[in-house]
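Reading the structure
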Amino acid sequence: MSKLKPCPFCGSEAEVIRMGTGRVSMQIGCTDCGAFVESGEMFISDGSRWNARAFQDSLIIDINRLSPLVNIVSNQKQRIQQLEEQLAAAKAEIAELESGIEYAIDNFAYYTQKTGKLLSYKQQELEVKHLMDVLAKHKAD
Ligand SMILES: [Zn+2]
């Protein structure tokens, strides 16, 4: 008899409940919670079936424990994807605003230059008018 693994459900020790014979199956089970396996093949009496079941059931229990974590990880991945999309949208908006600012700065420079030229023309106009006034005064004298 190989050493029996503990019960996958409660962790208690396992024991041979009944040895198999030509007429009855062998049973190995938990000493506490009542989980058991039954073998109709009387020659498989070394506990390997219980141990295989203990291993298999403990895997199933692990899977059941892990699946909520898988959901949490999956939800987190979705949340990260949403945040990445929001970040990309925010970056695109920033780029658009920056190009708007560049456009406004270009326009400001353009109109400042135009205003400067206009002021210079006005000044020249005033100078010409002044000179014509002086000339008219000389003619009158
Ligand atoms: Zn048990």
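Note: the structure precedes this text.
Notes on the structure follow. For every chain, the first residue of the written sequence is number 1, and numbering continues from 1 onward in sequence order. Two thresholds apply to this predicted model, a pLDDT of at least 70 for residue-level local features and 80 or more for giving and counting side-chain atom pairs, whereas whole-chain, interface and lining totals are computed over all residues.

1. A short note on the overall build of the protein chain
Under the DSSP-based scheme used, a helix requires at least four consecutive residues in state H or I and a strand at least two consecutive residues in state E, with every element numbered from the N terminus. Counting its secondary structure elements, the protein chain contains one helix and three strands. On the principal axes, the C-alpha backbone points of the protein chain span a range of 150 × 25 × 20 Å. Each residue gets a C-beta atom placed from its backbone, and two residues are in contact if those atoms lie within 7 Å. For the protein chain, the share of sequence-separated contacts (at least 6 apart) that also reach a separation of at least 24 residues comes to 33%.

2. Regarding the nonpolar core
Linking buried Ala, Val, Leu, Ile, Met, Phe, Trp, Tyr and Cys residues through C-beta atoms within 7 Å yields a set, and such a set is a nonpolar core. Counting other C-beta atoms within 10 Å of its own, a residue is labelled buried from 20 upward, exposed at 12 or fewer, and partly exposed in the gap between, with every C-beta atom placed from the backbone. One finds Cys7, Ala14, Met26, Ile28, Cys30, Trp50 and Ala54 forming the largest nonpolar core, which totals seven residues. For this core, the secondary-structure elements that each account for two or more residues are β2 (26–30) and α1 (48–140). Considering each element in turn, this core owes the most residues, three residues, to β2. Not counting chain neighbours up to four residues away, the residues in contact with cysteine 7 comprise Ser12, Ala14, Cys30, Asp32, Cys33, Ala35 and Ala54.

3. Considering the sheet that holds β2
Read from one edge to the other, the open sheet built from three strands follows the order β1-β2-β3, with strand pairing classed as antiparallel. Sheet topology places β1 (14–18) and β3 (36–39) at the edges, where each strand pairs with a single neighbour. Across the sheet, the mean angle separating the axes of adjacent strands is 20° when strand polarity is ignored. Strand pairing is assigned whenever DSSP detects at least two bridges linking the two strands. Examined bridge by bridge, β2 and β3 share four bridges and lie antiparallel to one another. Note on β3: the bridge partner recorded for isoleucine 28 is valine 37. Axis definition: a line fitted to C-alpha atoms, limited for helices to the stretch in contact. Angles are taken between N-to-C directions and run from 0 to 180 degrees.

4. Side note on α1
Structurally, the α-helix is built with 3.6 residues per turn, so residues lying three or four positions apart point the same way. Multiplying one less than the number of residues by 1.5 Å gives the expected span of a helix. Relative to the 138 Å expected for 93 residues at 1.5 Å per residue, α1 spans 135 Å between its end C-alpha atoms, a close match to the ideal helical length. A residue's bend is simply the angle between two axes: one fitted to the seven residues ending at it, one to the seven starting at it. The largest bend along α1 reaches roughly 30° and is located at leucine 66, with the proline proline 68 sitting one to four residues downstream. Within α1, only two of the 93 residues are buried, leaving the element largely exposed.

5. Some thoughts on the environment of proline 8
For proline 8, the position within the fold is in the segment before β1. When the 20 C-beta atoms within 10 Å are taken as the criterion, proline 8 is described as buried. Through-space distance from the C-alpha of proline 8 to that of isoleucine 60 is 9.4 Å; in sequence the pair is 52 residues apart.

6. Here's the deal with the environment of aspartate 62
Within the secondary structure layout, aspartate 62 lies in helix α1. Aspartate 62 gets classed as exposed once you count the C-beta atoms within 10 Å, which come to 11. When the C-alpha atoms of aspartate 62 and glutamine 82 are compared, they prove to be 30 Å apart, with 20 residues separating the residues in sequence.

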